[in-house]
Amino acid sequence: MGNKNISMAVIRRLPKYYRYLADLLSKDVQRISSKELSEIIGFTASQIRQDLNNFGGFGQQGYGYNVEALHKEIGKILGLDRKYRAILIGAGNLGQALTNYTGFRLAGFETIAVFDANPKMIGLKIRDFEIMDSDNVEEFVRENDVDIAIVCIPKNGAQLVADKLVRAGIKGIWNFAPIDLEVPSDIIVENVNLTESLFTLSYLMKENLEG
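Residues numbered from 1 in each chain as written. Predicted model: local features only at pLDDT ≥ 70, side-chain atom pairs only at ≥ 80, totals over all residues. Heavy atoms only, no water.

## Here we look at a nonpolar patch on the surface
Together, Leu198, Phe199, Leu201 and Met205 make up an exposed nonpolar region whose accessible area comes to about 430 Å². Summarising the element assignment, Met205 is placed in helix α9 (residues 194–210). Judged by its relative accessible area of 48%, Met205 is partly exposed. (Patch = residues over 30% accessible without salt bridge, like charges linked within 9 Å, V, L, I, M, F, W, Y side chains within 5 Å. Areas by Shrake-Rupley, 256 points an atom, 1.4 Å probe, with all protein chains shown as cover. Salt bridge = Lys/Arg side-chain N within 4 Å of Asp/Glu carboxyl O. Helix = DSSP H or I, 4+ residues; strand = E, 2+ residues; numbered from the N terminus. Buried < 20%, exposed > 50% of the residue type's maximum accessible area, 1.4 Å probe, protein only.)

## Describing the domain arrangement of the protein
Per the domain assignment, the segments making up the protein are domain 1 (8–77) and domain 2 (84–195). One C-alpha centre belongs to domain 1, the other to domain 2; they are set 32 Å apart. (Domains from an automatic or database assignment.)

## As for the sheet that holds strand β11 (residues 188–191)
Read across the open sheet, the six strands follow the order β8-β5-β4-β9-β10-β11; overall the sheet is parallel. Every other strand in the sheet has two partners, leaving β8 (132–133) and β11 as the edge strands with one partner each. Against the sheet, helix α8 (residues 155–168) touches β4 (84–89), β9 (148–151) and β10 (172–175), its axis set at about 150 degrees to β4. (Pairing = 2+ DSSP bridges. Contact = heavy atoms within 4.5 Å. Axes fitted to C-alpha atoms, helices over the stretch in contact; angles between N-to-C directions.)

## Notes on the environment of Asp51
With respect to the helices and strands, Asp51 occurs in helix α3 (residues 45–53). Between the C-alpha atom of Asp51 and that of Ile11, which follows or precedes it by 40 residues, the distance is 8.6 Å.

## Describing the UniProt feature "domain: CoA-binding" (unreviewed entry) in the protein
Mapped onto the present numbering, the UniProt feature "domain: CoA-binding" (unreviewed entry) falls at residues 79–180. Taken end to end, residues 79–180 is 32% helix and 27% strand, and its first and last C-alpha atoms sit 24 Å apart. (UniProt positions renumbered as here; feature names shortened; annotations may be inferred.)

## So, the side chain of Asp147
Here Asp147 is to be found in the loop between α7 (137–144) and β9. Its relative accessible area of 13% is what places Asp147 among the buried residues.

## Re the pattern of salt bridges
Evaluated as defined, the whole model comprises twelve salt bridges. With a closest N to O distance of 2.7 Å, Asp51 and Arg13 form a salt bridge. Within this pair, whereas Asp51 is found in helix α3, its partner Arg13 is found in helix α1 (residues 8–26), the two being separated by 38 residues in sequence. Side by side, Asp51 and Arg13 carry an identical accessibility label, which is buried. Residues Glu210 and Lys206 are paired through a salt bridge, measuring 3.8 Å at the closest nitrogen-oxygen approach. In this pair, Glu210 and Lys206 both sit in helix α9, four residues apart, roughly one turn of the helix. A relative accessible area of 61% means that Glu210 is categorised as exposed. Look at Lys206 and you get partly exposed, because its relative accessible area is 35%. Each of the salt bridges in this network shares a partner with another, and the network as a whole consists of Glu138, Arg142 and Arg167.

## A short note on α7
Along α7, the residues that are buried comprise Val137, Glu138, Phe140 and Val141. The buried residues of α7 occupy one face: seen down the axis, they fall within an arc of 165 degrees. As for α7, its buried residues are in contact with β4, β5 (109–116), β8 and α8. One or two residues past the end of α7 sits Asp145, with phi positive at roughly 50 degrees. (Arc of directions from axis to C-beta.)

## So, the pairing of β4
The buried fraction of β4 is high, at five of six residues. Bridge analysis of β4 against β5 gives six bridges, and the strand direction is parallel. Its bridge partner lying in β5, Ile89 is registered against Phe115.

## Side note on the packing of α1 against helix α2 (residues 34–41)
With their axes 11 Å apart at the nearest point, α1 and α2 run at an angle of 105 degrees to one another. One element, α1, and the other, α2, form an angle in the roughly perpendicular class. The residues of α2 that touch α1, namely those facing Lys16, Tyr17, Tyr20, Leu21 and Leu24, are Leu37, Ile40 and Ile41. A breakdown of the residues in the contact of α1 with α2 according to their chemical character gives seven nonpolar, no polar and one charged. (Parallel < 35°, antiparallel > 145°, perpendicular 65-115°, else oblique. Nonpolar A, V, L, I, M, F, W, Y, C, P; charged D, E, K, R; others polar.)

Spelled out as structure tokens, the structure:
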């Protein structure tokens, strides 16, 4: 079933459903109504039903949702039933923190290599990874069937790295560089701009204080 017409607003709510359902599973909750789920997540019951109906009927009237089944189905919708091979480019503080985060592997994202352009970093180790020269990233991606590149470098070099990744056949880029990368339409880019998020927090705090 194709879901290309699903709005990004709905798609960006799915990980939250997945996370809360995982928490319910850890508490041995077997079923839940949309009303009960709304009280936990903060979305309206109507919104939850509309979101899930985009992907088929998961609930039963009078019964609600089977928590385990819904969690599994949302995982499939998110593609988490697949395995992804990832590399990380940029072994600074953020890159090191992401490399050390074990949650990626549990979700099916396997980091297989770490790269950096700084000669002083090359050869050092993060976890079990020996940092490699980012000049070799294009060849590595091409030879190792890499799905995702996590880009954690300054914006000045980010587009050049993206160009190399595209030439090598990368399928997706998780971009932490503060720049909007220009890539072909068949390459998926998810931008994570920490500064913009912080500015949004600042605005909301200002409005709260002034309101």
